[in-house]
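Observations on the three-dimensional arrangement
As a plain string of letters, each chain reads:
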Amino acid sequence: MKHSNAQPWRKRLGKLGVAAAVTAGLVFGASACSSGTTAGGSTDAGSDGSGISGKRITFVTFGMQYEFIVGLVSTVQQRLEDAGAEVTIVDGKSDPNLQTTQLQDALAQQPDAIIVDPVDPALMTAGIQKANQQGVPVFIVESLPDGVDYTSFVGYDNVAAGELGAQTLAEAVGDKGTVLQLQGGEASKQAQERKEGFDTEMAKHPDITVKDLKTEWTAENANSMTLDAFTTDPDIVGIWSHNDEMIRGAVEALKQLGKTAAVGEAGHVAIVGHDGTPLALDRIRDGVQDASVVYDAIEMGNITADNAEAFFADESFEKDTVIVPFIATIDNVEDESLWGNLPALQK
């Protein structure tokens with residue numbers, strides 16, 4: 001399994017937009033793994049070697065309402081379409097039942113490959129097994145279901161991300177007080193692992209109390225539940241969120257409560273999010289949000305596209321790659337290589 005930090009190629013992005021930036025990264029396909037052995041996580045593709053041009057590929061996404069997913073999907077789509085593939089994007093709308101149906105419908109069209117970003121990995125198992133039976137190669141991102149065969153998996157160290165979020169928030173609140181944890185979906189492996197990492201690290205800080213809110217990834221839930229939490233306990237000192245989207249709702253709640261002190265000012269409620277989205281980076285610039293754990297959408301898209309191209313060229317590539325998180329703060333928020341700073345993603 002390859003662990004990817006992305007820092008070496010990150011500096012090469014400069015002021016490029018997405019269309020150019022996604023072609024600038026390191027190749028994690030055949031040129032990075034030319035031995036073709038299966039030991040150590042690399043794989044021989046086993047396609048006919050005709051190349052990806054003309055192939056029909058369907059990407060069943062987690063949900064296009066999230067900035068991270070937009071960055072990931074647009075990267076994959078641009079890369080593969082530039083290589084001549086026909087790419088169909090299906091919006092999973094973070095609805096696991098809808099996504100299950102969408103995968104079945106996509107397979108009925110007999111595509112040349114499927115890319116899947118599971119909302120609930122357990123519910124995707126049957127659909128991916130059907131793809132296995134049909135001989136359709138499956139490229140999985142973010143969460144890997146149990147009991148399935150797959151061509152490529154590009155994941156992320158969510159436990160390490162939760163630990164990093166906890167370390168950052170603990171420092172921001174002075175290692176004491178009550179903090180909120182805004183959670184993703186209960187069935188989401190990403191959310192479960194981010195919570196695991198956060199809780200494990202926070203257990204090392206006995207003067208911090210954590211209150212969990214089942215906010216299910218959405219800003220709307222975060223808004224109402226944050227209001228309720230502060231009504232019950234107005235002395236809450238910090239917030240950790242499993243994504244940056246929910247921070248949007250939490251910030252609106254803090255505004256309603258009159259808790260608008262900026263980072264460094266008395267009364268500031270410390271906020272640490274996750275993803276490193278464009279809006280999160282803007283909030284960090286404005287002193288609203290302290291930090292964001294960066295989950296690189298562009299890198300994940302690049303590696304997935306690299307692997308798909310390598311597969312159809314019958315070249316070897318790493319079957320499993322895990323992306324490593326890092327932190328964005330006011331100290332590095334202007335770094336042009338942060339995926340949330342790419343010009344094509346600015347609104």
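Residues numbered from 1 in each chain as written. Predicted model: local features only at pLDDT ≥ 70, side-chain atom pairs only at ≥ 80, totals over all residues. Heavy atoms only, no water.

**So, the packing of helix α3 (residues 67-82) against helix α11 (residues 297-312)**
- Taken N-terminus to C-terminus, the directions of α3 and α11 make an angle of 30°; their axes are 8 Å apart at the nearest point. Taken as axis vectors, α3 and α11 run roughly parallel relative to one another. Crossing of α3 over α11 shows right-handed handedness. The segment α3 lies against α11, with Phe-68, Gly-71, Leu-72, Thr-75, Val-76, Arg-79 and Leu-80 engaging Ala-297, Ile-298, Met-300, Gly-301, Asn-302, Thr-304, Ala-305, Asp-306, Ala-308 and Glu-309. (Axes fitted to C-alpha atoms, helices over the stretch in contact; angles between N-to-C directions. Helix = DSSP H or I, 4+ residues; strand = E, 2+ residues; numbered from the N terminus. Parallel < 35°, antiparallel > 145°, perpendicular 65-115°, else oblique. Left-handed = near helix turned anticlockwise from the far one by under 90°. Contact = heavy atoms within 4.5 Å.)

**Details of the side chain of Thr-178**
- Along the polypeptide, Thr-178 turns up in strand β8 (residues 177-182).
- Overall, the relative accessible area of 14% leaves Thr-178 in the buried class.
- When near neighbours in sequence (up to four residues on either side) are disregarded, Thr-178 contacts Thr-209, Lys-211, Asp-233, Ile-236, Val-237 and Gly-238. (Buried < 20%, exposed > 50% of the residue type's maximum accessible area, 1.4 Å probe, protein only.)

**A look at the pairing of strand β6 (residues 138-141)**
- Residues Val-138 and Ile-140 point to one face of β6 and Phe-139 and Val-141 to the other, with burial holding for every one of them.
- Judged from the 3 bridges that link them, strand β5 (residues 113-116) and β6 form a sheet pairing that is parallel. When the bridges of β6 are listed, Ile-115 appears paired with Phe-139.
- Following the backbone out of β5, through helix α5 (residues 121-134) and into the adjacent parallel β6, one traces a crossover that is right-handed.
- Pairing analysis gives 3 bridges linking β6 to strand β7 (residues 152-156), with the strands arranged parallel. The partner of Ile-140 across the bridge, within β7, is Phe-153. (Pairing = 2+ DSSP bridges. Right-handed = clockwise from strand over helix to strand, strands pointing away.)

**Things to note about the sheet that holds strand β15 (residues 326-328)**
- Ordered in space as β9-β8-β10-β11-β12-β15, the 6 strands form an open sheet in which the pairing is mixed. Of all strands in the sheet, those with a lone pairing partner are β9 (208-213) and β15, marking the two edges. Neighbouring strand axes in the sheet, compared pairwise and without regard to direction, differ in orientation by 20° on average.
- Pairing of β8 with strand β10 (residues 238-241), which is carried by 4 bridges, proceeds in the parallel orientation. Within the sheet, the bridge partner assigned to Gln-181 lies in β10 and is Trp-240.
- Along the sheet face, helix α8 (residues 219-232) touches β8, β9 and β10 and points at about 160° away from the line of β8.
- Each of β8, β10, β11 (270-275) and β12 (291-294) touches helix α9 (residues 244-256); the most contacted strand, β11, lies at about 155° to it.

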